[in-house]
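Residue-level listing of the chains:
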Amino acid sequence: MKKLAGKVAIVTGGASGMGRATVMRFLADGAKVVVADLNEQNGAETISVARAQGHGDSVAFIRTDVAREADVVAMAAEAEKRFGRLDIAYLNAGVGGAFGPIAETSVEGWDYTFAVLTRSVFLGMKHTSLAMKKHGQGGVILVTASIAGMVGGGGSHAYSAAKAAVISLIENVAAELGPDRIRVVGIAPGVISTPLVHRGKPERYEKQFKQQPWPDRGEPEDIADVAAFLCSSDARFITGETVKVDGGLLAQGVALWGTGADNTFMKSAGVNRGTTGETMVVRTLQSGERK
Ligand SMILES: NC(=O)c1ccc[n+]([C@@H]2O[C@H](COP(=O)([O-])OP(=O)(O)OC[C@H]3O[C@@H](n4cnc5c(N)ncnc54)[C@H](O)[C@@H]3O)[C@@H](O)[C@H]2O)c1
């Protein structure tokens, strides 16, 4: 039995990047999927890719601005109209938003960023949870946050603050909706090779893509696979959690002593006995000696 058989899902931002990859993964796992996005052309392309894979009857597109309440209401209604119910809402749509020094950030840019990245998640949680409560069999609300919402230096001021707010919403709303068996979970991607980052030229951003300890570039499918797990019953006891999917980028932290083989602590071995006056024995490691 496929893991999402009988489930009806919405994926916002499903016309591109990690959203599109997740649409394909949900369909492969047996779900019916409503793709909700502002970009109609890319939405149509997602639908034709799904059709070509034999999922034509299980997928629909609705033009949605996730920052507008009327659109979000229509989006939740579309899932019920087309496929009879709603079980999974992946609130993933996003943009880079306002950037620049704090003194150069306009109120309009700030508000746009929070409307698309944060108000959208509030509205999505509000209206998709109502749809899930109608059938009383629970559900999953998954949100794309970002590591930029967990630590400084991962994005612009407005983007990072908007994503931090979303991580807080995930925890608080999970506590409210637990008794209804509606799980609320998040994914915090690191650097993922999507059009949002590379605008069609992934090779130009190879340095950013390889910033993390894990040798492979983060791809949309790396997010889709975790999304499928979090939305399946395999994750039935996980709620209120935002999972980092970043190839170890945050685990690497501030990297004060360098990264990888250039990390000072990887070049020698010993025990630092502080200022005790005891002798400190240090052995320099030759490159061939490192295991
Ligand atoms: N790519 C990364 O490295 C990265 C890292 C961390 C978080 N994220 C987050 O991942 C999510 C998906 O981004 P992606 O990298 O796949 O980008 P993407 O540009 O490939 O896809 C984003 C989709 O969201 C849609 N969208 C934007 N504003 C919308 C709106 N108001 N209403 C409806 N749809 C809208 C776009 O049309 C697009 O189809 C975003 O929330 C982004 O902030 C991305």
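Think of each chain on its own: its residues are numbered from 1, step by step along the sequence as written. Restriction of local features to residues with pLDDT of at least 70 applies here, the model being predicted, together with a cutoff of 80 or more for giving and counting side-chain atom pairs; totals for whole chains, interfaces and linings are based on all residues. Water and hydrogen atoms play no part in the side-chain values, which are based on all heavy atoms of the structure.

Colleague: Tell me about helix α1 (residues 17-28), and name the residues and values.
Modeller: Where helices and strands are cited, they refer to DSSP runs of H or I of at least four residues and of E of at least two residues respectively, numbered from the N terminus. The span you would expect from a helix comes to 1.5 Å times its residue count less one. Counted at 1.5 Å a residue, the expected span for α1 with its 12 residues is 16 Å, and the 17 Å between its end C-alpha atoms agrees. A simple rule labels every residue: compare its accessible area, found with a 1.4 Å probe on the protein chains alone, to the largest value its type can have, and call it buried under 20%, exposed over 50%, or partly exposed in between. Counting buried positions along α1 gives 10 out of 12 residues, so the element sits mostly inside the fold. Along α1, the positions that sit buried rather than exposed are Gly17, Met18, Gly19, Arg20, Ala21, Thr22, Val23, Met24, Phe26 and Leu27. Looking one or two places after α1, you find Gly30, whose phi comes out positive at around 100 degrees.

Colleague: Give me the lowdown on the sheet that holds strand β3 (residues 59-63), citing residues and values where you can.
Modeller: With parallel pairing, the 7 strands of this open sheet are ordered in space as β3-β2-β1-β4-β5-β6-β7. The sheet is open, and its two edges are formed by β3 and β7 (242-245), each paired on a single side. The sheet shows a mean angle of 20 degrees between the axes of neighbouring strands, taken without regard to direction. Taken together, the 6 bridges between strand β5 (residues 139-144) and strand β6 (residues 182-189) define a ladder with parallel strand orientation. Bridging across to β6, Thr144 finds its partner in Ile187. The contact criterion used throughout is that any non-hydrogen atoms of two residues lie within 4.5 Å. Structural elements are reduced to axes, namely lines fitted to C-alpha atoms, with helices fitted over the stretch in contact, and the angle between N-to-C directions of any two is expressed from 0 to 180 degrees. On top of the sheet, helix α8 (residues 220-230) reaches β4 (88-91), β5, β6 and β7; it is set at about 165 degrees to β6, its chief contact. Two strands are said to pair when DSSP picks up at least two bridges between them.

Colleague: How would you explain the pattern of salt bridges if you had to name every residue and give the values?
Modeller: Salt bridges are defined by distance alone: a side-chain nitrogen of Lys or Arg within 4 Å of a carboxyl oxygen of Asp or Glu. If you walk through the whole model with that rule in mind, you get 14 salt bridges. As a salt-bridge pair, Lys134 and Glu80 come within 3.1 Å of each other at their nearest N and O atoms. Of this pair, Lys134 sits in helix α4 (residues 107-135) while Glu80 sits in helix α3 (residues 69-83), placing them 54 residues apart in sequence. For Asp87, the salt bridge is made with Arg85, and the minimal N-O distance between the two is 2.7 Å. Assessed through its relative accessible area of 23%, Arg85 is described here as partly exposed. In this structure, a network of salt bridges that share partners links the residues Glu206, Lys210, Arg217 and Glu219.

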